[in-house]
Number of protein chains: 2
Amino acid sequence: MNANALSDENRRKLLEVAAEEILEKGFQATSISDILTKTGLSKGALYHHFSSKLTLGYAVLEEVYQPDCINQWALALSTSDPVSSISELLRTEIEEISDESIRLGCPLNNLAQEMSPIDEGFRQRISRAINRWRSDLEAALARGQKAGNVDPAIDTFQVATFIVASIEGSIGLAKNGQDRALFGACLEGVISYLEGLRA
Amino acid sequence: MNANALSDENRRKLLEVAAEEILEKGFQATSISDILTKTGLSKGALYHHFSSKLTLGYAVLEEVYQPDCINQWALALSTSDPVSSISELLRTEIEEISDESIRLGCPLNNLAQEMSPIDEGFRQRISRAINRWRSDLEAALARGQKAGNVDPAIDTFQVATFIVASIEGSIGLAKNGQDRALFGACLEGVISYLEGLRA
DNA sequence: ACTACCAAACCGACCAGTCGGTTTTCAAGT
DNA sequence: ACTTGAAAACCGACTGGTCGGTTTGGTAGT
């Protein structure tokens, strides 16, 4: 492949600044020029690494947002007592989430809401990312059932889907209200729903 | 006020076409020119009725999206057995919702996710609209408690907030997946949560 | 004559993307 | 070790086009 460290570094810088800009303003309202100013790079550099604004957006999604999301959940979804481990994750989230994160919301969901009806490429990539999260959650629930920690009667697909939806909804509601208390109230709802899934 | 029927009709046409465009593309990506083309009116007409794109957006929110939302929920939130009436509403929603609605999502939530971090005027107006929905729901739950239909131990604020969040999340997830089944699975989750609130 | 309403030409700002040219990198040749 | 040459990386002025908004001018109703 390519062993040029400097080049990779610049590509990385473009990705990360683009990720910040897109998170703040949305994809369509993000200006290429702004990204270039913030990175200190030129148009030539950007269009050398990415063939268009759209492919830059796809790369941000797949190389920044999605890995971040997976990392955040990996630990809580690897146990065989998902009700406890997820509840714990949500509780620490309630306490430790930054004001900035509340203001800006979930990168994946932001992009999903903005781009799904407009660009099929975005829609499918985001759908894949969320689907992976959902299926990891589903696997954790099934593991919990096997271990006797989760009610064996529940439909893991349906429950996992609902949990994902309600968490995204919670983040979205708190983002609009810019209110920690709202975020806490919503996640408490998720937690109490989770607790109802115990065997 | 003003009794000129033609003028009001043009204003109304601008509002409704703008509402469609914003729902399809988002506020920022909506082009004034496109709205004018679709209405057959001119810039002079638009800027006579609205002082800027922003105030047009505010008007769409307050005069189109918010009333639509209120109307949709009014009936289900006026009973004293909210668990039953809301579940019923959600079930008919699962069956009767159009493909177009799934593709485009909830107008209020779309605008909330796009504009909340960017424009404080939008954020507050949307927050007010959602807050009203939430408090109507909260009142219905309290009424249900008084009538002995809802568990008196629940915190109506927390529960109402969570329900709003999970419904918005459900619509958002289905919009991204463009999948009726996903929408159904999510709303089933809401319903089963609701059923757990009975006295 | 006055006001409400609307049309159309017009404006500067900004947009994503292009392109000719320059610099940096690195391996191959000697 | 040194040169060379070509490709990869990068630069920034420029283009065509669209944006929201303004201005000017007119028309219909009262």
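Preceding this paragraph is the structure being described.
Cut-offs applied
- All residue numbers refer to positions counted from 1 along the written sequence of the respective chain.
- Here chains are named by letter from A upward and ligands by number from 1 upward, in the order in which they appear as written.
- In keeping with the model being predicted, local features are shown solely for residues with a pLDDT of at least 70 and side-chain atom pairs are shown and tallied solely at 80 or more, while totals for entire chains, interfaces and linings include all residues.
- Calculation of side-chain values draws on the structure's entire complement of heavy atoms; hydrogens and water are dropped beforehand.
- Segments assigned H or I by DSSP are reported as helices when at least four residues long, segments assigned E as strands when at least two residues long, and all are numbered from the N terminus.
- Summary of the burial criterion: residues with accessible area below 20% of their type's maximum are buried, those above 50% are exposed, and those between are partly exposed, where the area comes from a 1.4 Å probe applied to protein chains only.
- The contact rule is simple, with two residues in contact once any of their heavy atoms fall within 4.5 Å.
- Per-residue and other accessible areas follow the Shrake-Rupley method at a 1.4 Å probe size, with only the shown protein chains counted as cover for residues.
- By the counting rule applied here, Lys and Arg register as positive and Asp and Glu as negative, while His and the ends of each chain are not counted.
- By convention, charge coordinates are those of NZ in Lys, CZ in Arg, CG in Asp, or CD in Glu.
- Least-squares superposition aligns the copies on the C-alpha atoms of those residues with pLDDT at or above 70 in both.
- Buried area is a sum: the accessible area each of two parts loses on coming together, probed at 1.4 Å, counted once for each and added.
- The working definition used for a salt bridge is a side-chain nitrogen of Lys or Arg within 4 Å of a carboxyl oxygen of Asp or Glu.
- Whenever two N or O atoms come within 3.5 Å, that pair is a polar contact, provided that in protein one can donate a hydrogen and the other can accept it, and provided that, for residues adjacent in sequence, both atoms are side-chain atoms.

1. Considerations on the overall build of chain A
Line of reasoning, step 1. The secondary structure content of chain A amounts to ten helices and zero strands.
Line of reasoning, step 2. Shown N-terminal to C-terminal, the secondary structure of chain A runs as helices and strands in the order α-α-α-α-α-α-α-α-α-α.
Line of reasoning, step 3. Structurally, chain A occupies a C-alpha span of about 60 × 40 × 30 Å along its principal axes.
Line of reasoning, step 4. Counting the 199 residues in chain A, one finds 51% classified as buried.
Line of reasoning, step 5. Sequence-distant contacts, at least 24 apart, represent 69% of the contacts inside chain A between residues at least 6 apart.
Line of reasoning, step 6. When the accessible area of chain A is evaluated, it comes to approximately 8700 Å², of which 50% is carbon and sulfur surface.
Line of reasoning, step 7. Within chain A, the 28 negative side-chain charges are centred at a point lying 5 Å from the centre of the 19 positive side-chain charges.

2. Considerations on the relation of the copies chain A and chain B
Each of the two chain copies can be generated from the other by rotation about an axis followed by a shift along it.
Line of reasoning, step 1. Under the fitted operation, chain A is carried onto chain B by 0.0 Å of movement along the axis and a turn of 180 degrees, and the coordinates agree to an RMSD of 0.1 Å. Both copies of the chain, as the preceding transformation shows, are related through a two-fold rotation axis.
Line of reasoning, step 2. Same-surface contact between copies: 98% of interface residues of chain A are shared with the interface of chain B.

3. Points about the interface of chain A and chain B
Line of reasoning, step 1. Chain A puts 40 residues into the contact, and the matching count from chain B is 40 residues.
Line of reasoning, step 2. Where chain A abuts chain B, roughly 3200 Å² becomes buried across the two surfaces, and 61% of that area is made up of carbon and sulfur atoms.
Line of reasoning, step 3. The largest per-residue losses of area from chain A upon contact with chain B belong to Q113, F162 and N176 of chain A, which jointly make up 21% of the total buried on that side.
Line of reasoning, step 4. There are zero salt bridges connecting chain A and chain B.
Line of reasoning, step 5. Run the count over chain A and chain B and you get 13 residue pairs in polar contact (both at pLDDT 80 or more).
Line of reasoning, step 6. At the level of secondary structure, the elements contributing two or more residues to the side of chain A that touches chain B comprise α1 (5-25), α6 (99-104), α7 (107-115), α8 (120-146), α9 (156-177) and α10 (180-195) of chain A.
Line of reasoning, step 7. In terms of residue count, α9 of chain A provides more of the side of chain A that touches chain B than any other element does, 14 residues in total.

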